[in-house]
Amino acid sequence: MTNTYNQLKKELSILYPDVTDIELNEMTNNLIDFFTTIVKSVLEDDNQDQKELVVDDKNFSS
């Protein structure tokens, strides 16, 4: 996981060159936490009944 963390941090530093190291660490942690939560949620839903994702947004084209 450390390698993934460092790679993500490096990519974020390229995209956002003006942020501090503390901000990069926080951004990296937040992204990892976000995607970890999403994966856990999807896996829990897979164990339950399959549900269709409905996006109710006029800006989202189907």
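Here the residue numbers are simple positions, counted from 1 along each chain's written sequence. pLDDT decides what is reported in this predicted model: residues at 70 or higher carry local features, side-chain atom pairs at 80 or more are listed and counted, and totals for whole chains, interfaces and linings draw on all residues regardless. The side-chain values count all of the structure's non-hydrogen atoms but skip hydrogen atoms and water molecules.

Caption draft 1: How the structure looks around the packing of aromatic side chains. Pairing of aromatic rings covers Phe, Tyr and the six-membered ring of Trp, with a centre-to-centre limit of 6.5 Å; geometry is then stacked below 30 degrees between planes, edge-to-face above 60, and tilted otherwise. Scanning the entire structure with this criterion turns up one aromatic pair. Measuring from ring centre to ring centre gives 5.0 Å for Phe34 and Phe35, while their planes differ by 80°; the resulting arrangement is edge-to-face. Buried means the residue's accessible area, taken with a 1.4 Å probe over protein chains only, is under 20% of the maximum for its type, while exposed means over 50%, and partly exposed covers the values in between. The exposure class assigned to Phe34 is partly exposed, which follows from its relative accessible area of 46%.

Caption draft 2: Representation of the pattern of salt bridges within the structure. The salt bridge definition used is simple: a Lys or Arg side-chain nitrogen within 4 Å of an Asp or Glu carboxyl oxygen. Considering all chains together, one arrives at one salt bridge under this definition. The salt bridge involving Lys9 is made with Asp21; its shortest N-O contact spans 3.0 Å. Of the two residues, Lys9 is situated in helix H1 (residues 2–15) and Asp21 in helix H2 (residues 21–47); the sequence distance between them amounts to 12 residues. Classification of Lys9 as buried rests on a relative accessible area of 18%. Comment: elements are numbered from the N terminus, with helices defined as DSSP H or I runs of at least four residues and strands as E runs of at least two.

Caption draft 3: Spatial organisation of a nonpolar patch on the surface. Patches were defined on residues exceeding 30% relative accessible area and lacking a salt bridge, with like-charge contacts within 9 Å and nonpolar side-chain contacts (Val, Leu, Ile, Met, Phe, Trp, Tyr) within 5 Å. Exposure was quantified through the Shrake-Rupley algorithm and a 1.4 Å probe, taking into account, for residues, occlusion by the shown protein chains and nothing else. A cluster of nonpolar side chains, Leu31, Phe34, Phe35, Ile38 and Val42, forms an exposed patch at the surface whose accessible area comes to about 450 Å². In this fold, Phe34 is placed in helix H2.

Caption draft 4: Representation of the side chain of Lys9 within the structure. Between N or O atoms, a polar contact is any pair within 3.5 Å; within protein, one atom must be a potential hydrogen donor and the other a potential acceptor, and residues adjacent in sequence are included only when both atoms are from side chains. For Lys9, the side chain forms a polar contact with the side chain of Asn25, separated by 2.9 Å. Whether two residues touch is decided by their heavy atoms; if any such pair falls within 4.5 Å, the residues are in contact. Aside from chain neighbours lying at most four places away, what touches Lys9 is Asp21, Leu24, Asn25 and Thr28.

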